[in-house]
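Survey of secondary and tertiary structure
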Amino acid sequence: MGRPEGLKLIDENGRRVDGRKKYELRPIKMEVGVLKNADGSAYVEWGKNKILAAVYGPREIHPKHLQRPDRGILRVRYNMAPFSVEERKKPGPDRRSVEISKVIRGALEPALLLDAFPRTAVDVFIEVLQADAGTRVAGITAASLALADAGVPMRDLVAACAAGKIDGEIVLDLNKDEDNYGESDVPVAIMPLKNDITLLQMDGYLTREEFVEAVKLAIKGAKAVYQKQREALREKYLRIAEEVAGNE
Amino acid sequence: MKRIFVKPRDLVVPGTLLAQGPFKNGRGTFREGNRIYSTVVGLVEVRGDLIRVIPLEGPYMPEVGDNVLGKIVDVRFSNWAVDIGAPYEASLRVQDAVEERIDLMKTDLRKIFDIGDIIYAKIKGYNEINQIDLTTKGMPFHGGPLRGGQLVTITPSKVPRLIGKGGSMINLIKKLTNTRIIVGQNGWVWVSGKNDELEKLAIEAILKVDRESHTQGLTDRIKEFLTERLRALKEEGVIDEVPQIEEKSDEKGEVE
């Protein structure tokens, strides 16, 4: 598949193209409450992925037929900026982003307790500023933080991570090259408290054994992401507390 | 078995295990089996058997009897539509706004409240289909419209903190900055001062309370902050005197 000549995804020492080990995540940075005008927001840097998520609501929605008398609804928009990839992406929703928006909605919805807000909608906007494979899992991670930051009641945070197969081996968290020239990619989103899987997709081919291994690995990765999410949420307030203590 | 896994005033995030056993789960929590988990980012509060989490973010949920500030967003035939920062739009009917009977055909309701006006109202009803009814009867200055000031919004759950124990915090800000402040339960705050600089200072103090609400010793810090800034304003010649307030020892030990 147009793989550059001599490109080895795993070298003799077992290192990947970006120097990571097989079961190593890319460096992840999270920040909560970055947008002043949104009800909740988060910014996630996941390797070379840069993703901004904003949450508005719960708020009354129109047209009225979209309202549900027993609960609030969740609306998600996943969007890639034209400059987020090497070749300029045509702006606006396309087949891919409409599908990703839909699966992300499905990944987040089980965590939300929206029956407290009938006839309303919670709107989530996920903007991919820079993409390097795994934007949907990074997007879910950011959106989940933004929802918690907006004060929308949740059963649990949703954490996500991908695993895949490159050069015949199952590895964690593929980057762009590994995704393009590897054999398979398995993104997984979970609610870690009860190990509920809320998103599970597969691109490429895996044997049944490989698939189970990949899912287990992705869940492990997601749990590491979960810890970072919890820290990021607390960090917003702890930083203020520290600053205050430091002034005295 | 009864166990609590967190301490009061601990900062928790959604999905944190709070307690196990026969506890009552209050706001900001949910129960699964005999375990209680947090559903929001907030501070834990334990009162006897009741465990709840006071959220640090989140929308205003109306309660009957709350005094709120609102903004007129529409003038209709016999009522006004009012934004009060809740997930739902509130409405104020003519008979809940004026004492005397008025002829709707001959009166222009915009002369009473127009679009964009800020009003001070009480929540009269909040029903199953999420209609919010307001009334301005019995409210100070007939509910408004409020003029000559500024509106600031804070997180609704932090309103008790802004008011302080027995009004200690809000009275402190009012006295030191010599401004009139109206606090709505919905987190909307009206600030009007005779002096622009003092008005600005009061707003800064209010936003500081909002930002630092989860920390200890806030009243003292606000007092320090205001006195310092007032001294600077005095040197600049904006004000003549730094207002003095009589020391009261019972201002400490604030909880919310």
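If you're wondering where the values come from, they're calculated on a predicted model, not measured in any experiment. (Residues numbered from 1 in each chain as written. Chains lettered and ligands numbered in written order. Predicted model: local features only at pLDDT ≥ 70, side-chain atom pairs only at ≥ 80, totals over all residues.)

With that settled, consider the sheet that holds strand 9 (residues 67–75) of chain B. All names here are of chain B. Around the barrel, which closes on itself, the 5 strands sit in the order 9-10-11-13-12 with mixed pairing between neighbours. Mean inter-strand twist for the sheet, computed between neighbouring axes without regard to direction, equals 55°. Relative to strand 13 (residues 132–135), strand 12 (residues 118–126) runs antiparallel, the two sharing 4 bridges. Within strand 13, the position partnered with Gly 125 by the bridge is Asp 133. (Pairing = 2+ DSSP bridges. Helix = DSSP H or I, 4+ residues; strand = E, 2+ residues; numbered from the N terminus. Axes fitted to C-alpha atoms, helices over the stretch in contact; angles between N-to-C directions.)

Residue and element names in this part refer to chain A. Taken in spatial order, the 5 strands make up an open sheet running 1-2-3-5-4, and their pairing is mixed. Sheet topology places strand 1 (28–32) and strand 4 (73–80) at the edges, where each strand pairs with a single neighbour. Within the sheet, the average angular offset between the axes of one strand and its neighbour, ignoring direction, is 15°. Bridge count for strand 1 against strand 2 (residues 40–46) is 5 bridges, and the pairing is antiparallel. By the bridge assignment, Glu 31 is partnered in strand 2 with Tyr 43. On the sheet, helix 2 (residues 135–149) packs against strand 1, strand 2, strand 3 (49–60), strand 4 and strand 5 (120–130) and is oriented at approximately 40° with respect to strand 3. (Contact = placed C-beta atoms within 7 Å.)

Turning our attention to the packing of helix 2 of chain A against helix 4 (residues 208–246) of chain A. Residue and element names in this part refer to chain A. It is the contact of helix 2 with helix 4, at a shortest axis distance of 11 Å, that shows an interaxial angle of 35°. Two packed elements cross with a definite hand, and for helix 2 against helix 4 that hand is right-handed. Across the interface between the two elements, Thr 141, Ser 144, Leu 145 and Ala 148 of helix 2 pack against Val 225, Gln 229, Ala 232 and Leu 233 of helix 4. (Left-handed = near helix turned anticlockwise from the far one by under 90°.)

Residues and elements named next belong to chain B. Where helix 2 (residues 168–177) meets helix 3 (residues 196–211), the axes come as close as 9 Å, and the angle between the chain directions of the two elements is 160°. If you check the angle between helix 2 and helix 3, you find them roughly antiparallel. Crossing geometry of helix 2 relative to helix 3 is assigned as right-handed. Along its contact with helix 2, which presents Met 169, Ile 173 and Thr 177, the element helix 3 presents Leu 198, Leu 201, Ala 202, Ala 205, Ile 206 and Val 209. By residue class, the composition of the contact of helix 2 with helix 3 is 8 nonpolar, 1 polar and no charged. (Parallel < 35°, antiparallel > 145°, perpendicular 65-115°, else oblique. Nonpolar A, V, L, I, M, F, W, Y, C, P; charged D, E, K, R; others polar.)

Here we take up the confidence of the model for chain B. Here chain B averages 86 in pLDDT, and 95% of its residues register 70 or above. Confidence drops under pLDDT 50 across residues 249–256 of chain B; counting only partners more than four residues distant or on other chains, this segment forms 7 contacts. (pLDDT = per-residue confidence, 0-100.)

Moving on, we get to the domain arrangement of chain B. Domain assignment breaks chain B into domain 1 (3–55), domain 2 (67–143) and domain 3 (150–251). Here the C-alpha centre of domain 2 of chain B lies 37 Å away from the C-alpha centre of domain 1 of chain B. (Domains from an automatic or database assignment.)

The next thing to look at is the interface of chain B and chain A. Counting from both sides, the interface comprises 21 residues of chain B and, opposite them, 26 residues of chain A. The class makeup of the residues in the side of chain B that touches chain A is 11 nonpolar, 6 polar and 4 charged.

Let us look at the nonpolar core. In this structure, Ala 53, Leu 108, Val 124, Ile 126, Ala 146, Leu 147 and Ala 160 of chain A are the most contacted members of the largest nonpolar core, which totals 90 residues. Non-local contacts of Val 124 of chain A, meaning those with residues more than four positions away in its chain, are made with Ala 53, Val 55, Leu 74, Arg 75, Val 76, Ala 143, Ala 146 and Leu 147 of chain A. Of all hydrophobic cores here, the second largest spans 43 residues; its members include Val 82, Ile 118, Ile 123 and Val 159 of chain B. (Core = buried A, V, L, I, M, F, W, Y, C linked by C-beta atoms within 7 Å. Buried ≥ 20, exposed ≤ 12 C-beta atoms within 10 Å, placed from the backbone.)

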